[in-house]
Amino acid sequence: MDGGKPTGAELSAVPASWEYAGLLLTYWCNARCAFCYVYSGPDRTGHMSIETAVALWRGLEQHAAAHGKTMRVHLSGGEPFGDWPRLAGVLRAARDAGLAPAEKIETNAFWATDDDLTRARLELLRAFGVGRLVVSTDVYHQEFVPFDRVARCVRVARAVLGRGRVRVRWPDFLRQPLDLRQMPTADKHAAYRAALRRHRDRLTGRAADVVAPLLPGSPAASFRGSNCARAVLQSRHVHIDGYGHVFPGVCSGVILGKAGTKTIDELWNNLASTWRENPVLNALIVGGSYELLQHAKSFGYKELPQGYADRCHLCTHVRQYLFDQGIWPDLIGPAECYGEPRNRSRQREPAASATANPEAST
């Protein structure tokens, strides 16, 4: 989360208008990456229908236009290629509705099992005008995705889309892959730490649960005065999941509003007029994760004695506790952004099994 001391302008201004939006087409993923910024996995659902995706896409474009901006939409998950017919259907329906092409689509390339299938899918992305393909490759993804599929996807994508329309995250791992699938836990953790030294990223979702404890901790008080106004109030980037939850771009599980009963622009206007009354948003915007911690303590939260890797780790751990306790369920959620309850006094229903057959069709 971006931070810094809040200015009077930041605390009195309306939110920045949204110009970048990711549609999380599903929380399903073939992998359970340690660094997942939500809590995706093979048992997650939260699928977004084609109709919902197009309606949200249209609403996002209308919101941006109303503020003199141009909306850029990308498709993500979970793993959006987990249901190829739905992904292709979303792109086709968006084109038929006259919406701008997707700026990018993100994937871990697990589906790239042979050249012909890979080329066929990428040629369809090209036909629908997709701007870029972003392929994830790192120590976390390669615990679950054979590296040859990543290499194939990148090679074919560069041939079909052009090199400039293919982004690899991270390219150093593409050059020097590492197979963690049979690696002992201690060596795996060492690989995680080495990767974090090269590419430090946000510690939310499963990353806060699995990876953050491997890093040196600092007392919660060390994050006092570091607010999240820019990341929450002034961010031009949002994500929207299949349930309609709108999140700040880098803060999964912090609910800005819920699409469905309101248009995107109505949600934005509601955020502008009510964020001060929202205990989660107000705490983060004014005082950051340390301020949210103070709220959580009134509900029984205890600080981690070993401290926190950074303020995003603190925020996520605090929100996990509040979620487990059923506190502010309209402001913190859904289950797919959080792990299993730490406090067994509140058990959640297990997620339904995914119905997608990820490799069923071209």
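Scroll up a little and you will see the structure.
The structure contained in this document is the topic of the report that follows. (Residues numbered from 1 in each chain as written. Predicted model: local features only at pLDDT ≥ 70, side-chain atom pairs only at ≥ 80, totals over all residues. Heavy atoms only, no water.)

1. Some thoughts on the state of the cysteines
Note on terminology: disulfide describes a covalent bond linking the sulfur atoms of two cysteines.
Right, on to step 1. A complete count under the given rule lists zero disulfides for this structure.
Right, on to step 2. Of all cysteine sulfurs, the one in Cys33 lies closest to Cys29, which takes part in no disulfide; the gap is 6.0 Å.
Right, on to step 3. Residue classification places Cys29 among the buried positions, given a relative accessible area of 8%.
Right, on to step 4. With no disulfide of its own, Cys36 has Cys33 as its nearest cysteine by sulfur position, at a separation of 6.7 Å.
Right, on to step 5. For Cys36, a relative accessible area of 14% translates into the label buried. (Disulfide = S-S within 2.5 Å. Buried < 20%, exposed > 50% of the residue type's maximum accessible area, 1.4 Å probe, protein only.)

2. Points about the pattern of salt bridges
Right, on to step 1. Overall, the coordinates contain 14 salt bridges when judged by the stated rule.
Right, on to step 2. Taking the shortest distance from any N to any O, the salt bridge between Arg152 and Asp148 comes out at 3.8 Å. On the criterion of helical spacing, the pair formed by Arg152 and Asp148 is a turn pair, its members being four residues apart in helix H5 (residues 147-161).
Right, on to step 3. What makes Asp148 partly exposed here is its relative accessible area of 45%. (Salt bridge = Lys/Arg side-chain N within 4 Å of Asp/Glu carboxyl O. Helix = DSSP H or I, 4+ residues; strand = E, 2+ residues; numbered from the N terminus.)

3. As for the nonpolar core
Right, on to step 1. If you look at the biggest cluster of nonpolar residues, it comprises 95 residues, and the most contacted ones within it are Leu23, Leu75 and Leu133.
Right, on to step 2. The element contributing the most residues to this core is helix H11 (residues 279-297), with nine residues.
Right, on to step 3. Not counting the four nearest positions on each side in its chain, Leu75 is found in contact with Leu23, Leu25, Trp57, Pro80, Leu87, Val90, Leu91, Ala102, Lys104, Ile105 and Glu106.
Right, on to step 4. Within the second largest apolar cluster, 21 residues are counted, among which are Ala34, Phe173, Ala195 and Leu214. (Core = buried A, V, L, I, M, F, W, Y, C linked by side-chain atoms within 4.5 Å. Contact = heavy atoms within 4.5 Å.)

4. Digging into the sheet that holds strand S5 (residues 166-169)
Sheets are built from strands that pair by backbone hydrogen bonding, the pairs being arranged parallel or antiparallel.
Right, on to step 1. In space, the eight strands of this open sheet follow the order S5-S4-S3-S2-S1-S6-S7-S8, with mixed pairing throughout. Edge positions in the sheet fall to S5 and strand S8 (257-258), since each has one partner strand and no second.
Right, on to step 2. Two strands pair when backbone bridges link them, and strand S1 (residues 20-24) and strand S2 (residues 72-76) are joined in this way by five bridges, in the parallel orientation. Residue Gly22 lies in a different strand from S2, and its bridge partner there is His74.
Right, on to step 3. Against the sheet, H5 makes contact with strand S4 (132-136) and S5, and its axis sits at roughly 165° relative to S4, the strand it touches most. (Pairing = 2+ DSSP bridges. Axes fitted to C-alpha atoms, helices over the stretch in contact; angles between N-to-C directions.)

5. A closer look at helix H3 (residues 84-96)
Right, on to step 1. Along its 13 residues, H3 runs 18 Å from first to last C-alpha, staying within 8% of the 18 Å computed at 1.5 Å per residue.
Right, on to step 2. Where H3 is concerned, the buried positions are Trp84, Arg86, Leu87, Ala88, Gly89, Val90, Leu91 and Ala94.
Right, on to step 3. At the C-terminal side of H3, Gly98 shows a positive phi close to 80°. (Expected span 1.5 Å × (residues − 1).)

6. Some words on the packing of H3 against helix H4 (residues 115-127)
Two measures define how a pair of helices packs: the angle their axes make with one another and the distance between the axes.
Right, on to step 1. Two elements in contact, H3 and H4, have axes whose closest approach is 10 Å; the angle formed by their N-to-C orientations is 20°. Taken together, the axes of H3 and H4 lie roughly parallel to each other. By crossing handedness, the relation of H3 to H4 is classed as left-handed. Between H3, through Trp84, Ala88, Leu91 and Arg92, and H4, the contact on the second element is made entirely by Arg121, Leu124 and Leu125. (Parallel < 35°, antiparallel > 145°, perpendicular 65-115°, else oblique. Left-handed = near helix turned anticlockwise from the far one by under 90°.)

7. Thoughts on H5
Right, on to step 1. An ideal rise of 1.5 Å per residue puts 21 Å on 15 residues; H5 measures up with 21 Å between its terminal C-alpha atoms.
Right, on to step 2. Those residues of H5 not exposed but buried are Val150, Arg152, Cys153, Val154, Val156, Ala157, Val160 and Leu161.
Right, on to step 3. Next to the buried residues of H5 lie H4, S4, S5 and helix H6 (171-175).
Right, on to step 4. In the stretch just after H5, Gly162 is the one whose phi turns positive, near 100°.

8. What about the pairing of strand S3 (residues 104-107)?
Right, on to step 1. Relative to S3, S2 is paired through two bridges, and the arrangement is parallel. If you follow His74 over to S3, its bridge partner there is Lys104.
Right, on to step 2. Taking the sense of rotation as the criterion, the β-α-β connection linking S2, H3 and S3 turns out right-handed.
Right, on to step 3. Of the pairings in the sheet, the one linking S3 to S4 comprises four bridges and is parallel in character. If you follow Glu106 over to S4, its bridge partner there is Val134.
Right, on to step 4. As for the winding sense of the linkage, the β-α-β connection from S3 through H4 to S4 is right-handed. (Right-handed = clockwise from strand over helix to strand, strands pointing away.)

9. Brief notes about the packing of helix H2 (residues 50-66) against helix H10 (residues 264-274)
Right, on to step 1. Contact geometry of H2 with H10 gives a least axis separation of 8 Å together with a crossing angle of 55°. Taken together, the axes of H2 and H10 lie oblique to each other. For the pair H2 and H10, the contacting residues are Leu56, Gly59, Leu60, His63 and Ala66 in the first and Ile264, Asp265 and Trp268 in the second.

10. Some remarks on the packing of aromatic side chains
Right, on to step 1. Counted by the stated rule, this structure contains 10 aromatic pairs.
Right, on to step 2. Aromatic side chains Phe81 and Trp84 sit 5.6 Å apart centroid to centroid with 15° between the ring planes, which places their arrangement in the stacked category. The same class applies to Phe81 and to Trp84, which are both buried.
Right, on to step 3. Three or more aromatic residues link up through ring pairs in this structure, and these residues are Phe35, Tyr140 and Tyr192.
Right, on to step 4. Its guanidinium or amino end placed over the ring of Tyr37, Arg202 lies 4.8 Å from that ring's centre, counting from NZ or CZ. (Phe/Tyr/Trp six-rings, centres within 6.5 Å; stacked < 30°, edge-to-face > 60°. Lys NZ or Arg CZ within 6 Å of the ring centre and 35° of its normal.)

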